[in-house]
Amino acid sequence: MSSVKHLVASIVHFLNDQMHNGGLSSDAVESLEVAIQCLESAYSVSGADEALRPTTPLLDIFRDYSGTLEDAEELPPEASPECKAEAERLKAEGNSLMHEEKYQEAIDAYSKAIALDGRNAIYYCNRAAVHSKLNNYQQSIADAKQALKIDSSYCKAYARLGLAHASLGQHEEARNAYAKALEMEPDNESYKNNMQLAQEKITGAGPSPFLMGGEPNLANLGPIGSMLGNSNLMAMASQVLSDPNMHRITQNVYSNLVSGNPQGSTGAMDALLRAGQQLAEHMQSANPELVEQLRRQLDTQNQNNGAPGEEPPAPPSI
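All values reported here derive from a predicted model rather than from experimental measurement.

Next up on the list: the packing of helix α8 (residues 155–167) against helix α9 (residues 171–184). Running from amino to carboxyl end, α8 crosses α9 at an angle of 165°, the nearest separation of the two axes being 8 Å. In terms of orientation, α8 lies roughly antiparallel with respect to α9. With respect to the hand of their crossing, α8 and α9 are arranged in left-handed fashion. Here α8 contributes Cys155, Tyr158, Ala159, Leu161, Gly162, Leu163, His165 and Ala166 to the contact with α9, which in turn contributes His171, Glu173, Ala174, Ala177, Tyr178, Lys180, Ala181 and Met184.

As structure tokens, this is what we get:
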């Protein structure tokens, strides 16, 4: 496709975005629809073709070229108290729609709120989040940037920006965005983890969490790693496992698992539990010192890491 058609396709996509997300009146939307139809007909392009969507929004290209970037536009005038109140109502409606996974309706609500009060960074940041849900990452980037234009210290907007860039494979931009977010919230584990992921994408796959310099990093395996790193315990374990009686018991366990159990799953579980009990009894009688050291090892680990059964921290969320 020629450069002219690419440019026209970019204009069509820009007008489509404005038509749906620009908070325009119904008359303005109708005018844009006519303009889009005329451009598509004259240049034989289709705004529905996502392959023609530019990797960088047309407005961002213009701002970069003009050398003014975020300063090219002035903020809209201050909204009246009545408009602000209605915008807040629409934001709350958008939040509810977002939770109900009615994403397009949420975008419409946030866009109406922005039309009433264009100086509120939260509305743009919330709409950026919905755009990411719909995989509209370029629109998400544009909204996050607009939120930061209004409030340059809005760390959540930097996080939205980082997520959108990462989703587009723009890992350097994602890392930089998360770094900015961390400047304002240095203890936020989610931002730390996402910045680290972006850095690993830039430099290539990082080392396995269980490997350090090509060797197993047993410290990351918790109590099992501690036991594996204890040469005395491993030597005693090797002696127990080489015992013919222990070999007979493990063979019985294997046979039960392979052949199944005619009593069904409950019977199979009972057989497995009995076999496990036999293993424990044999280890206790054959080498009680090993069992006691294993018990002490686990007790020490539990004291260091919290009580047994304690809930682990929840995984970070974006």
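Once the structure has been displayed, the description carries forward.
Before going further, it helps to spend a moment on helix α2 (residues 26–43). Between its first and last C-alpha, α2 extends 26 Å over 18 residues, near the 26 Å set by a 1.5 Å rise per residue. Every buried residue belonging to α2 is among Val29, Leu32 and Ile36, and all of these are buried. Looking straight down α2, one finds its buried side chains confined to an arc of 60°; they lie on one side. Seen from the open side of α2, the exposed residues pointing more than 90 degrees away from its buried face are Asp27, Gln37, Ser41 and Ala42.

Next up on the list: the environment of aspartate 17. Inspection of the secondary structure puts aspartate 17 in helix α1 (residues 3–21). Given the relative accessible area of 21%, aspartate 17 is considered partly exposed. Counting along the chain gives 122 residues from aspartate 17 to glutamine 139, while the straight-line C-alpha distance between them is 8.1 Å.

This paragraph deals with helix α5 (residues 103–116). Because each turn of an α-helix spans 3.6 residues, side chains separated by three or four positions in sequence point in the same direction. Relative to the 20 Å expected for 14 residues at 1.5 Å per residue, α5 spans 20 Å between its end C-alpha atoms, a close match to the ideal helical length. Within the span of α5, buried status applies to Tyr103, Ala106, Ile107, Ala109, Tyr110, Ser111, Ala113 and Ile114.

With numbering aligned to this structure, UniProt lists the feature "repeat: TPR" (unreviewed entry) at residues 87–120 and 155–188. Span residues 87–120 is 79% helix and 0% strand, its end C-alpha atoms 9 Å apart.

Here is what the cut-offs are and how they apply
- Residues numbered from 1 in each chain as written.
- Predicted model: local features only at pLDDT ≥ 70, side-chain atom pairs only at ≥ 80, totals over all residues.
- Heavy atoms only, no water.
- Axes fitted to C-alpha atoms, helices over the stretch in contact; angles between N-to-C directions.
- Helix = DSSP H or I, 4+ residues; strand = E, 2+ residues; numbered from the N terminus.
- Parallel < 35°, antiparallel > 145°, perpendicular 65-115°, else oblique.
- Left-handed = near helix turned anticlockwise from the far one by under 90°.
- Contact = heavy atoms within 4.5 Å.
- Expected span 1.5 Å × (residues − 1).
- Buried < 20%, exposed > 50% of the residue type's maximum accessible area, 1.4 Å probe, protein only.
- Arc of directions from axis to C-beta.
- UniProt positions renumbered as here; feature names shortened; annotations may be inferred.

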